[in-house]
Amino acid sequence: MQQQPSPIDPMPENWQTALAIAAHPDDLENGASSAVAKWTAQGKHIVYLMVSRGEAGIDALPPWNAGPLRAEKDIGAARVVGVEESSSTRNLAGKWHEAARVYTWSHQG
């Protein structure tokens, strides 16, 4: 007889602020956006932090064009789910040896 996987406990929701960290723009949109939308609709404050701008993510574009394009799309997607602040360390994708510098975008209103 095959063993059944144990059920996953629901995530506690007795919090008001969260920092969501992902390696690249669109990682959160592809994996967590429905949960983020639910939480922001409940009045919770979510902030995104991207470790890179995804410069290596579009084969047809050079990195200096792909990074800003992906970051811009991330900002738009964040707005759709109620996230008002998204930051990027602006490390080049695949270049983790470089020093991290954090740049912040904030949407007010």
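A quick note: this is a predicted structure, and the numbers were derived from the prediction, not measured. (Residues numbered from 1 in each chain as written. Predicted model: local features only at pLDDT ≥ 70, side-chain atom pairs only at ≥ 80, totals over all residues. Heavy atoms only, no water.)

What about the overall build of the protein?
If you tally the helices and strands in the protein, you get three helices and four strands. Tracing the protein from N to C terminus, the helices and strands come up as β-α-α-β-α-β-β. By the burial criterion, 32% of the 109 residues in the protein qualify as buried. Residue pairs in contact within the protein that sit at least 24 positions apart in sequence constitute 64% of those at least 6 positions apart. When the accessible surface of the protein is totalled, it reaches about 7,300 Å², and 56% of it is carbon and sulfur. (Helix = DSSP H or I, 4+ residues; strand = E, 2+ residues; numbered from the N terminus. Buried < 20%, exposed > 50% of the residue type's maximum accessible area, 1.4 Å probe, protein only. Contact = heavy atoms within 4.5 Å. Areas by Shrake-Rupley, 256 points an atom, 1.4 Å probe, with all protein chains shown as cover.)

A closer look at helix H2 (residues 33-41)
Listed as buried for H2 are Val36, Trp39 and Thr40. The arc that holds the buried residues of H2, viewed along the axis, is 95°, so those residues lie on one side. Opposite the buried face of H2, by more than 90 degrees, sit the exposed residues Ser34 and Ala41. Those residues of H2 that are buried lie in contact with strand E2 (45-52). Where H2 terminates, the next one or two residues include Gly43, which has phi positive at roughly 95°. (Arc of directions from axis to C-beta.)

Quick word on the environment of Gly54
You can see Gly54 is positioned in the loop between E2 and helix H3 (63-80). Note: C-alpha distance between Gly54 and Ala23 (31 residues apart in sequence) is 8.1 Å.

Here's the deal with the pattern of salt bridges
The final tally for this structure, using the stated rule, is two salt bridges. In this structure, Lys38 engages Glu13 in a salt bridge whose closest nitrogen and oxygen atoms are separated by 2.9 Å. Separated by 25 residues along the polypeptide, Lys38 in helix H2 and Glu13 in the segment before strand E1 (17-22) bring together distant segments of the chain. Overall, the relative accessible area of 43% leaves Lys38 in the partly exposed class. When its relative accessible area of 31% is taken as the criterion, Glu13 is described as partly exposed. Arg70 serves as the salt-bridge partner of Asp26, at 3.0 Å between the closest nitrogen and oxygen. With Asp26 in the loop between E1 and helix H1 (27-31) and Arg70 in helix H3, this pair connects stretches of sequence that are 44 residues apart. We classify Asp26 as partly exposed; its relative accessible area is 32%. Classification of Arg70 by relative accessible area gives buried; the value is 12%. (Salt bridge = Lys/Arg side-chain N within 4 Å of Asp/Glu carboxyl O.)

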